[in-house]
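Descriptive structure summary
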Amino acid sequence: MIRQFELVERVKAYDPNADEVGINGAYVFAMKAHGSQKRASGDPYFSHPIEVAGILTSYRVDSATIETALLHDTIEDTVATLEDIRAHFGNEVAQLVDGVTKLTRIEFQSDRAKQAENFRKLVLAMSEDIRVLLVKLADRLHNMRTLHYIKSDEKRRRIAMETMDIYAPLAERIGMQEIKTELEDLAFAEINPEARRAVVKRLDTLREQGGELVPKIIGELTETLSENGIEAEVNGREKSPYSIWRKMQKHDVGFEQLSDIMAFRITVNSIEDCYKALGVAHNAYRVVPGRFKDYISMPKPNGYQSLHTGVFGPHQQRIELQIRTRVMHDVAELGVAAHWNYKQGGPAKDGTQYRWLRELLDILEHASDPEEVLEHSKMEMFQDQVFCFTPRGDLINLPRGATTVDFAYAVHSEVGDHCVGAKINGKMMPLRTELRNGDQVEIVTSKAQTPNPTWERFVVTGKARARIRRFVRLQEREEYEKLGRSILQRSFKEADYELTEKGLNAALKKLTLATVDDLYVAVGMGNQSGREVLEAVYPRAKRKNKDGDDIVVPLAEARSRKRGKDKGEGGGVPIQGLIPGMAMHFAGCCHPLPGDRIVGIVTTGRGVTVHTIDCDTLEGYGDEPERWLDLAWDRGEAQHDLHVGRVHVTVANAPGSLGDLSTMIAKNDGNISNLKIINRSTDFFDMLIDVEVRDVKHLTDIIAALRASPAVNSVERAKG
Ligand code: MN
């Protein structure tokens with residue numbers, strides 16, 4: 001176990017300005033918090049966070065990351081709270097620890113949720129700060145190193161699979177080659193021990209046959225390069241058992257053919273020397289065709305740069321050569337952590353330390369290498385998504401801003417239609433609550449519940465919106481059907497004809513409608529006039545009414561019905577004469593206000609539009625009286641709601657006149673909700689102003705006040 005002063009020394013070796021007090025504090029805090037807890041190995045639990053911090057010192061991370069590593073299991077596994085950590089170590093560390101804790105929590109979701117790709121996305125999306133991911137990877141690495149202590153076969157296997165599917169690719173994704181290789185090999189040993197043993201045995205045999213080939217080849221390569229005037233450091237290694245195994249799987253070759261098991265790294269001083277060294281190698285040794293790759297001019301998406309080639313080496317062994325500069329090497333081994341060090345000269349305190357993160361995002365975003373295993377793992381792509389879980393652990397992927405209702409519909413249409421409430425992480429929350437990454441959501445349903453039209457205002461997914469609309473349409477259809485029936489009864493009665501189902505049925509074909517119900521709806525929506533239907537059923541009715549008298553449809557029934565339960569449909573506006581449940585809205589042409597005489601027009605597919613009685617638009621409906629609804633403001637109810645009235649104002653184009661105007665409106669308790677300049681000359685502004693007022697009298701008062709203002713040339717209510 002690394003001791004306290006050793007850890008601080010290690011950090012100070014690369015960061016002389018390290019936060020010694022913070023690191024010491026975190027060390028002691030974690031040690032106390034974990035107390036006598038033990039690991040599966042029998043070691044004190046506290047050895048784990050210290051080892052994780054130790055691993056991270058190799059990546060020269062900042063003090064906050066080291067502190068986070070020390071504290072990373074305290075919230076989940078001890079009585080310490082996030083607030084304690086914030087109080088002791090400040091906001092930055094608290095946020096990082098919180099991030100790691102959340103990642104740890106999602107590890108315990110069921111396997112179903114962990115389809116590798118989704119889970120990788122989730123981890124990326126939740127690692128809003130890349131340091132969270134660094135700590136998590138180091139945490140996983142130490143857990144893998146000590147995996148053999150865990151007794152349960154099943155648990156070991158699960159952790160190993162997860163490492164292989166999720167964490168190793170993530171490490172590769174952010175360019176941490178070293179961690180990736182070790183994670184993979186540790187997981188391989190657990191998942192397929194026989195295969196690994198076989199590979200290791202083969203390696204031993206090859207080693208016996210060829211003697212100590214690696215040092216020999218290193219010596220010869222170094223010499224050859226030096227003879228050609230290139231200063232280089234040559235390192236050689238056997239490839240990891242897992243990477244050999246994977247190559248065997250991929251190329252379907254057996255152990256016998258597999259000779260390409262050694263890789264040599266040639267580190268030189270400049271990019272120029274990289275290409276020179278490549279030339280030397282290709283000159284001195286026979287080239288293995290198809291193995292040359294130039295990742296210097298075409299870096300990998302994770303930033304990796306090197307020249308790769310394969311040659312038949314000094315002893316006719318196939319060997320792999322990687323040629324790169326020192327900087328490229330550090331990037332290859334340390335990934336993002338290297339960016340950190342080289343680009344910033346150590347972590348900065350002013351937030352610029354995130355520049356490398358942006359660069360990384362940039363690299364990921366522009367990656368288009370088809371060989372990329374994780375083509376979808378672009379962090380940026382996930383900024384607009386949230387990942388949540390069902391109580392069973394299924395992962396539900398939603399756009400950012402999605403609410404519990406979106407979640408419900410994503411689970412199943414029926415669940416959405418019948419949802420009455422939602423528990424987020426066990427707590428009952430309003431349906432409109434926006435979901436966050438990692439939330440576990442349980443939808444409470446009731447068979448009696450139906451979709452609420454107001455949900456449409458906050459859902460963001462197409463599926464939820466479509467289902468809600470569908471339901472609203474069905475409900476509206478019923479209302480239109482009622483209205484249509486009533487219109488037809490009147491139309492027929494006025495003309496002295498009998499309205500029968502049989503008669504309507506006979507006219508369906510002529511009207512190109514499928515059912516009588518459809519016909520009622522068409523009439524109710526205003527797509528078909530009562531008169532047209534009458535003439536379709538009784539062609540002679542046309543002649544009988546040739547004097548062109550309009551059939552007046554008093555709609556007594558409709559008018560007498562008071563608005564009751566469907567108050568919401570009209571936005572809470574008390575109007576008499578509306579059909580219950582019908583969609584109602586105010587016309588944009590005349591902006592009716594309480595106190596105005598009003599009339600409703602049944603508009604195709606849009607329910608009832610309310611106009612002022614003197615609106616010019618009404619002329620267009622002169623020959624369709626059956627579409628008119630006689631409406632009146634309900635004076636019985638108190639008026640609290642504000643309505644938009646529109647005035648047409650001309651003011652002098654002079655300094656301060658617009659200010660005077662708005663002051664005047666505000667003084668009179670009006671609120672400008674919209675203002676549009678429709679004409680602007682050197683002398684005057686001509687504009688339309690929408691003002692929120694209580695009723696027509698309120699607007700009239702404002703108009704009067706404006707007229708009195710010296711800046712105002714003319715003002716009148718805008719209509720039509
Ligand atoms: Mn841990």
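What you are looking at is a predicted structure, and each value in this text was computed from that prediction instead of being measured. (Residues numbered from 1 in each chain as written. Predicted model: local features only at pLDDT ≥ 70, side-chain atom pairs only at ≥ 80, totals over all residues. Heavy atoms only, no water.)

From N to C terminus, the chain includes 28 helices and 21 strands. For the chain, the proportion of its 720 residues judged to be buried stands at 50%. Summing over all exposed atoms, the chain offers an accessible surface of approximately 34,600 Å²; the carbon and sulfur share of this is 49%. (Helix = DSSP H or I, 4+ residues; strand = E, 2+ residues; numbered from the N terminus. Buried < 20%, exposed > 50% of the residue type's maximum accessible area, 1.4 Å probe, protein only. Areas by Shrake-Rupley, 256 points an atom, 1.4 Å probe, with all protein chains shown as cover.)

All right, on to the sheet that holds strand β18 (residues 643-652) then. If you trace the four strands from one edge of the open sheet to the other, you get β19-β20-β18-β21, paired in antiparallel fashion. Looking at strand neighbours, the two that pair on one side only are β19 (671-680) and β21 (712-717), the edges of this open sheet. Going across the sheet, the axis of each strand differs from the next one's by a mean of 20°, ignoring polarity. Relative to strand β20 (residues 684-693), β18 runs antiparallel, the two being bridged by ten bridges. Pairing of Ala 652 across the sheet is with Phe 684, part of β20. The sheet strands contacting helix α27 (residues 657-667) are β18, β19, β20 and β21, and the helix crosses β20 at an angle near 20°. (Pairing = 2+ DSSP bridges. Axes fitted to C-alpha atoms, helices over the stretch in contact; angles between N-to-C directions. Contact = heavy atoms within 4.5 Å.)

Helix length check: helix α14 (residues 271-284), at 14 residues, gives a terminal C-alpha distance of 20 Å against a target of 20 Å (1.5 Å per residue), a fit within 8%. Among the residues making up α14, those that are buried are Asp 273, Cys 274, Ala 277, Leu 278, Val 280 and Ala 281. Relative to the axis of α14, the buried residues are bounded by an arc of 165° and lie together on one face. In α14, the exposed positions angled more than 90 degrees off the buried face are occupied by Glu 272 and Asn 283. (Expected span 1.5 Å × (residues − 1). Arc of directions from axis to C-beta.)

Core analysis: the largest hydrophobic core is formed by 61 residues, its most contacted members being Leu 56, Ile 66, Leu 70, Leu 71 and Ile 85. Among the elements of the structure, α1 (4-14), α2 (20-34), α3 (47-57), α4 (63-71), α6 (82-107), α8 (130-145), α9 (153-173) and α10 (177-191) are those that each provide at least two residues to this core. Apart from the residues lying within four places of it in its own chain, the contact partners of Leu 71 are Ala 26, Phe 29, Ala 30, Ile 85, Phe 89, Val 93 and Val 97. Among the nonpolar cores identified, the runner-up in size contains 32 residues, and Leu 519, Leu 578, Ile 598 and Val 610 belong to it. (Core = buried A, V, L, I, M, F, W, Y, C linked by side-chain atoms within 4.5 Å.)

Turning our attention to unusual backbone geometry. Positioned with a positive phi, His 591 is a non-glycine residue whose angle comes to about 45°. Tracing the sequence through the fold places His 591 in the loop between β13 (584-586) and β14 (598-603). Notably, Asp 669 is not glycine yet its phi reads approximately 70°, a positive angle. Here Asp 669 shows up in the loop between α27 and β19. The exposed category is assigned to Asp 669, whose relative accessible area is 52%.

For α3, the tally of buried residues reaches ten of eleven residues, placing the bulk of the element in the interior. Of all the positions in α3, only Ser 47, His 48, Pro 49, Ile 50, Val 52, Ala 53, Gly 54, Ile 55, Leu 56 and Thr 57 are classed as buried. Where α3 is buried, its residues meet α1, α2, α4 and α8.

Every protein donor of the manganese ion is listed here as His 48 (NE2), His 72 (NE2), Asp 73 (OD) and Asp 139 (OD), and their distances to the metal cover 2.2 to 2.3 Å. Every donor residue of the manganese ion comes from the same chain, spaced as H-x23-H-D-x65-D. Taking relative accessible area as the criterion, Asp 73 reaches 5% and is therefore assigned buried. (Donors = N, O, S within 2.8 Å, 3.2 Å for Na, K, Ca; no water.)

Assignment of secondary structure puts Leu 483 in helix α21 (residues 462-494). In this structure the C-alpha to C-alpha distance between Leu 483 and Met 582, which are 99 residues apart in sequence, comes to 9.2 Å. Excluding residues that lie within four positions of it along the chain, Leu 483 makes contacts with Gly 524, Ile 579, Met 582 and Val 602.

Strand order across the open sheet formed by four strands is β13-β15-β14-β16, with mixed pairing between neighbours. Only two strands of the sheet have a single neighbouring strand rather than two, namely β13 and β16 (628-630). Sheet twist, expressed as the average angle between the axes of neighbouring strands with direction ignored, equals 30°.

Once that is clear, we can look at the confidence of the model for the chain. Averaged over the chain, the pLDDT score is 78; the fraction of residues at 70 or greater is 81%. Across residues 340-383, confidence stays below pLDDT 50; counting only partners more than four residues off in sequence or on other chains, it has 78 contacts. Note that residues 543-572 has pLDDT below 50 and, in this model, 55 contacts with residues that lie over four places away or in other chains. (pLDDT = per-residue confidence, 0-100.)

Note that Glu 67 resides in helix α4. Ignoring any residue separated from it by four or fewer positions in sequence, one finds Glu 67 in contact with Asp 19, Gly 22, Ile 23, Ala 26, Phe 89 and Val 93.

Position of Arg 291 relative to the elements: it lies in the loop between β3 (286-287) and β4 (293-294). Residue Arg 291 is classed as partly exposed on the basis of its relative accessible area of 22%. Sequence-wise, Arg 291 and Val 311 are 20 residues apart; in three dimensions their C-alpha atoms are separated by 8.5 Å. Side-chain polar atoms of Arg 291 contact the side chain of Glu 320, separated by 3.2 Å. (Polar contact = N/O pair within 3.5 Å; in protein donor to acceptor, adjacent residues only side chain to side chain.)

This part covers the state of the cysteines. By definition, a disulfide links two cysteine residues through a covalent bond between their sulfur atoms. Taken as a whole and assessed by the stated rule, the structure comprises zero disulfides. The thiol sulfur of Cys 589 is not disulfide-bonded, and the nearest other cysteine sulfur, from Cys 615, lies at 3.5 Å. Cys 615 sits in the buried class, given a relative accessible area of 4%. (Disulfide = S-S within 2.5 Å.)

Time to look at the pattern of salt bridges. Within this structure, the stated rule accounts for 29 salt bridges. When the shortest N-O distance is used, the salt bridge between Glu 20 and Lys 12 registers 2.8 Å. Of the residues examined, Glu 20 reaches a relative accessible area of 34% and is grouped as partly exposed. For Lys 12, a relative accessible area of 32% puts it in the partly exposed group. (Salt bridge = Lys/Arg side-chain N within 4 Å of Asp/Glu carboxyl O.)

A separate point is the packing of aromatic side chains. If you walk through the whole model with that rule in mind, you get eight aromatic pairs. Relative to Tyr 538, the ring of Phe 492 has its centre 6.1 Å away and its plane inclined at 65°; by these criteria the two rings are edge-to-face. Here Phe 492, found in helix α21, pairs with Tyr 538, found in the loop between α24 (530-537) and α25 (541-544); they are 46 residues apart in sequence, far enough to count as distant. Overall, Phe 492 belongs to the buried group, its relative accessible area being 1%. Seen from their ring centres, Phe 586 and Trp 633 are 5.9 Å apart, and the 20° between their planes marks the pair as stacked. Of this pair, Phe 586 sits in strand β13 while Trp 633 sits in strand β17 (residues 632-633), and the two are 47 residues apart along the sequence. (Phe/Tyr/Trp six-rings, centres within 6.5 Å; stacked < 30°, edge-to-face > 60°.)

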